[in-house]
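# Working through the structure, step by step
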Amino acid sequence: MTRTTVPNLLVLATLLGVTSACGKGGPSKAEFVEACKKTQATPAMCECAAKEAKEKLSTKQFTLMVLDMQGKRQEAEALAGDMSFEDRAKFAELQFGILGKCMPQE
């Protein structure tokens, strides 16, 4: 095996896991909340964001948010690889809307 083969196999294995998770409904709200807490957000913000995201996002988009919050950028990018620029822009807009709704109001 070459040096590039091992990382490629790891990405493929991860993708297979993510793809099978998407087929089963993706990550749970609890997984979303745990990943969110790692971003320094408050538990209340994370609970709110999980609820909003589950309602407004597709399973793929929800999974992308969780992977991103978990710091799994490579896996998230691989999953989003087939998304057009327009789809990515719409997804970003949805994310900002969700996070904006869940920010504490002063």
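Sequence positions are assigned chain by chain, starting from 1 and proceeding in written order. In keeping with the predicted nature of the model, local features appear solely for residues at pLDDT of at least 70, side-chain atom pairs appear and are counted solely at 80 or more, and the whole-chain, interface and lining totals rest on all residues. Heavy atoms throughout the structure, all of them, feed into the side-chain values; hydrogens and water do not.

We now examine unusual backbone geometry. Not every positive phi belongs to a glycine, and Gln-40 is a case in point at roughly 80°. Helix and strand assignments come from DSSP, with helices taken as H or I runs of at least 4 residues and strands as E runs of at least 2, each series counted from the N terminus. Relative to the assigned elements, Gln-40 resides in the loop between helix 2 (29-37) and helix 3 (43-56). Between buried and exposed lies partly exposed: a residue is buried under 20% and exposed over 50% of the maximum accessible area for its type, with that area taken using a 1.4 Å probe on protein chains only. Judged by relative accessible area, Gln-40 falls into the exposed class, the value being 73%.

Right, let's get into the packing of helix 4 (residues 59-69) against helix 5 (residues 73-80). Comment: axis = line fitted to C-alpha atoms, over the contacting stretch for helices; angle = value between 0 and 180 degrees taken between N-to-C directions. Across the interface, helix 4 lies against helix 5 with an axial gap of 8 Å and an inter-helix angle of 160°. The angle between the axes of helix 4 and helix 5 places the two elements in the roughly antiparallel class. Regarding helix 4 and helix 5, the two cross each other, and that crossing is left-handed. Residues Lys-60, Thr-63, Leu-64, Leu-67 and Asp-68 of helix 4 pack against Arg-73, Glu-75, Ala-76, Leu-79 and Ala-80 of helix 5. Taken together, the residues that form the contact of helix 4 with helix 5 break down as five nonpolar, one polar and four charged. Note that the term roughly parallel is reserved for angles under 35 degrees, roughly antiparallel for angles over 145, roughly perpendicular for angles of 65 to 115, and oblique for everything else. By definition, turning the near helix anticlockwise from the far helix through less than a right angle yields a left-handed crossing, and turning it clockwise yields a right-handed one. Residue contacts are defined here by distance: any two heavy atoms, one from each residue, within 4.5 Å place the two residues in contact. For this classification, the nonpolar set comprises Ala, Val, Leu, Ile, Met, Phe, Trp, Tyr, Cys and Pro, the charged set comprises Asp, Glu, Lys and Arg, and every other residue, Gly included, is treated as polar.

Before going further, it helps to examine the side chain of Thr-63. Mapped onto the elements, Thr-63 comes out in helix 4. The exposure class assigned to Thr-63 is buried, which follows from its relative accessible area of 3%. As used in this structure description, the phrase polar contact means that two N or O atoms lie within 3.5 Å; if the pair is within protein, one of them must be able to donate a hydrogen and the other to accept it, and residues adjacent in sequence are counted only when both atoms belong to side chains. In terms of polar contacts, Thr-63 uses its side chain to reach the backbone carbonyl oxygen of Thr-59, at 2.8 Å.

What follows is about the state of the cysteines. Put simply, a disulfide is two cysteine sulfurs that come within 2.5 Å. Taken as a whole and judged by the stated rule, the model has two disulfides. Covalently, Cys-36 is tied to Cys-46 through a disulfide, its sulfur atoms 2.2 Å apart. Where Cys-36 bonds to Cys-46 through sulfur, the torsion about that S-S bond is close to -80°, and the disulfide is left-handed. Residue Cys-36 is located in helix 2, and its partner Cys-46 is located in helix 3; the two are separated by ten residues in the primary sequence. Through a disulfide, Cys-48 is tied to Cys-102; the S-S separation comes to 2.0 Å. Residues Cys-48 and Cys-102 are joined through a disulfide that is left-handed, its torsion about the S-S bond being -75°. Of this pair, Cys-48 sits in helix 3 while Cys-102 sits in helix 6 (residues 85-102); the two residues are 54 residues apart in sequence, bridging distant segments of the chain. What links to what in the chain: the bonded cysteines, counted in sequence order, pair as 1-2, 3-4.

Moving on: the packing of helix 2 against helix 3. Look at helix 2 against helix 3: their axes get within 9 Å of each other, and the N-to-C directions meet at 135°. Here helix 3 runs oblique to helix 2, going by the angle between their axes. Helix-helix and strand crossings are classified by hand; for helix 2 and helix 3 the assignment is right-handed. Residues Lys-29, Phe-32, Val-33, Cys-36 and Lys-37 of helix 2 form the contact with helix 3, whose participating residues are Pro-43, Cys-46, Glu-47, Ala-49, Ala-50, Lys-51, Ala-53 and Lys-54. Looking at side-chain class alone, the contact of helix 2 with helix 3 contains eight nonpolar, no polar and five charged residues.

So far we have only geometry, and geometry alone does not tell us how the molecule works.
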